[in-house]
Amino acid sequence: MRKNTKNLLLQNGIKPTFQRIVIYEFLDQNRIHPNVDKIYAMIHEEIPTISKTTIYNTLNLFLEKNIVLGLTLSGTEMNYDINITPHHHFYCTNCGVVHDVFISCPLGNDKLKITDGHLIQEVHGYFKGICKNCIN
Ligand SMILES: [Zn+2]
Ligand SMILES: [Zn+2]
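Asks: Can you lay out helix H3 (residues 36-46) for me, pointing to particular residues and giving the numbers?
Replies: Listing the buried residues of H3 in full gives Val 36, Ile 39 and Ile 43. Here the buried residues of H3 occupy an arc of 60° about the axis, which is enough to place them on one side. Residues of H3 that are buried sit in contact with helix H2 (18-29), helix H4 (52-64) and strand E2 (79-81). Two or three places before Asp 37, at the start of H3, stands the capping residue Asn 35, its side-chain oxygen 3.2 Å from that residue's backbone nitrogen.

Asks: Go over the coordination of the zinc ion (ligand 2), please, and point to the residues and values.
Replies: For the zinc ion (ligand 2), the full set of protein donor atoms is His 33 (NE2), Asp 81 (OD), His 87 (NE2), His 89 (NE2) and Asp 100 (OD), at a range of 2.0 to 2.2 Å. Expressed as a motif, the donor residue spacing for the zinc ion (ligand 2) is H-x47-D-x5-H-x1-H-x10-D. With a gap of 56 residues between them, His 33 in the loop between H2 and H3 and His 89 in strand E3 (residues 88-92) connect regions that are remote in the sequence. His 33 gets classed as buried once you look at its relative accessible area, which sits at 5%.

Asks: So what's going on with the layout of surface pockets? Residues and values would help.
Replies: Approximately 230 Å³ is the volume attributed to the largest pocket. What lines the largest pocket is a set of eleven residues, among which Val 22, Phe 26, Gln 29, Ile 43 and Glu 46 lie closest to the centre. With five residues, H2 is the single largest residue contributor to the lining of the largest pocket.

Asks: Quick one: what's the story with empty space enclosed by the protein, residue by residue and with numbers?
Replies: The tally for this structure, following the rule as stated, stands at one cavity of 30 Å³ or more. Space inside the largest cavity adds up to approximately 30 Å³. Looking at the largest cavity, the residues that line it are Leu 27, Asn 30, Arg 31, Ile 32, His 33, Pro 34, Tyr 80, Asp 81 and Ile 82. Of the residues belonging to the lining of the largest cavity, the class tally is five nonpolar, two polar and two charged.

Asks: How would you summarise the coordination of the zinc ion (ligand 1) if you had to cite specific residues and measurements?
Replies: Those donors, Cys 92 (SG), Cys 95 (SG), Cys 131 (SG) and Cys 134 (SG), are the protein atoms that reach the zinc ion (ligand 1), and they lie 2.3 Å from it. Seen from the zinc ion (ligand 1), its four donor atoms lie at angles of 105 to 117°, and the figure they make is tetrahedral.

Asks: Describe in detail the pattern of salt bridges, supporting the description with residues and values.
Replies: On inspection of all chains with the given rule, the structure shows two salt bridges. We note a salt bridge from Lys 52 to Asp 37, for which the minimum N-O separation is 2.5 Å. With a gap of 15 residues between them, Lys 52 in helix H4 and Asp 37 in helix H3 connect regions that are remote in the sequence. Classification of Lys 52 as partly exposed rests on a relative accessible area of 37%. Of the residues examined, Asp 37 reaches a relative accessible area of 38% and is grouped as partly exposed.

Asks: Quick rundown of the domain arrangement of the protein? Include the residues and the values.
Replies: Segmenting the protein into domains produces domain 1 (2-71) and domain 2 (85-135). Here domain 1 and domain 2 have C-alpha centroids that lie 24 Å from each other. Between domain 1 and domain 2, the residue contacts involve four residues of the former and six residues of the latter. Carbon and sulfur atoms supply 64% of the area buried between domain 1 and domain 2, which totals about 380 Å² over both sides. The three residues of domain 1 that bury the most area against domain 2 are His 33, Leu 69 and Leu 71, which together make up 92% of that side's buried surface. Connecting domain 1 to domain 2 are zero salt bridges. Applying the counting criterion to the domain 1 and domain 2 interface returns three residue pairs in polar contact (both at pLDDT 80 or more). For the side of domain 1 that touches domain 2, a count of residues per class yields three nonpolar, one polar and no charged.

How each quantity is defined
- Residues numbered from 1 in each chain as written.
- Chains lettered and ligands numbered in written order.
- Predicted model: local features only at pLDDT ≥ 70, side-chain atom pairs only at ≥ 80, totals over all residues.
- Heavy atoms only, no water.
- Buried < 20%, exposed > 50% of the residue type's maximum accessible area, 1.4 Å probe, protein only.
- Helix = DSSP H or I, 4+ residues; strand = E, 2+ residues; numbered from the N terminus.
- Arc of directions from axis to C-beta.
- Contact = heavy atoms within 4.5 Å.
- Polar contact = N/O pair within 3.5 Å; in protein donor to acceptor, adjacent residues only side chain to side chain.
- Donors = N, O, S within 2.8 Å, 3.2 Å for Na, K, Ca; no water.
- 1 Å grid on protein atoms, 1.4 Å probe; cavity = no way out; pocket = protein on both sides within 12 Å on 5 of 7 lines; lining within 4 Å.
- Points joined across faces, edges and corners; volume = space filled by probe spheres on them.
- Nonpolar A, V, L, I, M, F, W, Y, C, P; charged D, E, K, R; others polar.
- Tetrahedral: all angles 85-135°; square planar, octahedral: opposite > 155°, others 65-115°.
- Salt bridge = Lys/Arg side-chain N within 4 Å of Asp/Glu carboxyl O.
- Domains from an automatic or database assignment.
- Buried area = accessible area lost by both parts, 1.4 Å probe.

Here is the structure:
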């Protein structure tokens, strides 16, 4: 696992430091679309020397290199997703958790031309409401 992460980072022009590998693998193993505070809280338990700035800078680097997606569903903070294949998301306005939604989009496949000439290359839908854990 660690060797694959190292190669993936190298292939994307990222120097594979220990901390970057840890952060990438954390996102890979915790597919909960965490925000930076959650990532920091959970990694900090394992590696007390890691700073929030390091995590923040690393996430920005990952975004820049397109190896993670940054979701801005809440309007106030970024949630990070290691699954960079376009897919839809559901944001719970009660608990703030972001869930993947696997439904087909009415627009169909993602290489459609719409009437005013724009070429759609990706479709990212997002939905807001009350999640199944909060609804009862
Ligand atoms: Zn909820
Ligand atoms: Zn997702």
